[in-house]
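Residues per chain are reported as follows:
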Amino acid sequence: MSDTTDSNRLSVLLAEHSELEQQLADPSIHADAGVARRVGRRYAELSPIAATHGQLTQVQSDLEAAEELAGEDPDFADEAAKLRERIPELEEKLAELLLPRDPDDSRDVIVEIKAGEGGEESALFAGDLLRMYMRYAEKYGWVTEVMDSQDSDMGGVKNVSLAVKTKGNPEGGHGVWSRLKFEGGVHRVQRVPATESQGRIHTSAAGVLVLPEAEDVDVEINMHELRIDVYRSSGPGGQSVNTTDSAVRITHEPTGIVVSCQNEKSQLQNKEQALRILRARLLAAKQEEADAAAGEARRLQVRTVDRSERVRTYNFPQNRITDHRIGFTAHNLDQVMQGDLDAVLDALSAAERAARLEGSDEGLQRA
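Everything in this summary refers to the structure shown in the same document. Keep in mind that what you see is a predicted model, and the values were worked out from it rather than measured.

Looking at the nonpolar core
Here is step 1: Counting 35 residues, the largest nonpolar core has V111, I113, L129, Y133, L180 and Y314 as the members making the most contacts within it.
Here is step 2: Only β1 (109-115), α4 (119-139), β3 (157-165), α5 (176-180), β5 (202-212), β11 (328-330), α7 (333-336) and α8 (342-358) provide two or more residues apiece to this core.
Here is step 3: Considering every element that reaches this core, the biggest residue donor is α4, with eight residues.
Here is step 4: Filtering out sequence-adjacent residues up to four positions away, V111 remains in contact with Y133, V160, S161, L162, V164, L180, V208 and L209.
Here is step 5: Within the second largest apolar cluster, 22 residues are counted, among which are V219, V248, I250 and L275.

The following block contains the structure:
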């Protein structure tokens, strides 16, 4: 990107930041919580750019003043030297902030986990992944909500949908998606299952799907295109756990997407939860189409709505976690399962950032 392009982009973003600041100062904007939230998130996303630009401008001004006074006072010469060193650092930081970023980074997410091949052991591992994400969310003060789940006979989960939200506007626009977007794909586990009496190590897997949560304005759903069925909720083994038809299954006929929810006690609540998940899936499908149309331009983004790709292995006998996309390996699996995911997520973020800086069309290499 040329200096002129950078300068033009900076001017546009600073003007937008100023306009958003004026909007947030207007009490009338808070009459619509959805609008206020979107404006607040965008403002938080642009604030680091405005702050860094302000620091750079101030340092440049201070340097000019120090250089003028350096001939009269040696102390100002020392000060000028220190200020001169800060300018390249701030320019580099600003250039990185101006790189095109994933537009969904400030969004909340819906994480779907589904047991794969491996029977009850796979369901137990899916439950372990659910707890891992919930503990990671707790560490950051995020709010979690199990929207729908189907438990297995031994306490695992056959499938579960988990909403993860930030409280307020995420700092710098770094919301839940900016961290958990890397989790989509097949997660493989190697361990001695609780169901194994001979002590043999088994391999099984669970699929994870991470969707940026959509808002009403992102996806328009025509209610006439939905087929809505109701039925009785079921628990482990398929037994009925509800005497009323409160569970809801929604089929979006144009796309064939099917969403079911049964956790809530009322049919209306389950319908609302199912619509939230449907919106997220439709938004993801819409973005996948846009990505395909854009060709290689958006392959830098680490997003996936495909569970078929193996992304990570959890080896319990060796206490080892390996992320196959970037060759990351660590021997602290016990801590990772308690929600200590930062090391692997930081490595994935760094790889994505490096690809953006290099302008590579390849992005992260995936196994």
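Now, onward.
With respect to the pattern of salt bridges
Here is step 1: Tallying each qualifying case throughout the model produces 28 salt bridges.
Here is step 2: In this structure, E215 engages R37 in a salt bridge whose closest nitrogen and oxygen atoms are separated by 3.9 Å. One end of the pair, E215, is in the loop between β5 and β6 (226-231); the other, R37, is in helix α2 (residues 33-69), and 178 residues separate them in sequence.
Here is step 3: Residue class for E215 comes out buried when judged on its relative accessible area of 15%.
Here is step 4: Between R84 and E67 there is a salt bridge, with its nearest N and O atoms 3.0 Å apart. In this pair, R84 sits in helix α3 (residues 74-97) while E67 sits in helix α2, placing the two residues 17 residues apart along the sequence.
Here is step 5: On the accessibility criterion, R84 (41% relative accessible area) is partly exposed.

Here is what the cut-offs are and how they apply
- Residues numbered from 1 in each chain as written.
- Predicted model: local features only at pLDDT ≥ 70, side-chain atom pairs only at ≥ 80, totals over all residues.
- Heavy atoms only, no water.
- Core = buried A, V, L, I, M, F, W, Y, C linked by side-chain atoms within 4.5 Å.
- Buried < 20%, exposed > 50% of the residue type's maximum accessible area, 1.4 Å probe, protein only.
- Helix = DSSP H or I, 4+ residues; strand = E, 2+ residues; numbered from the N terminus.
- Contact = heavy atoms within 4.5 Å.
- Salt bridge = Lys/Arg side-chain N within 4 Å of Asp/Glu carboxyl O.

In short, shape yes, function no, at least from these values alone.
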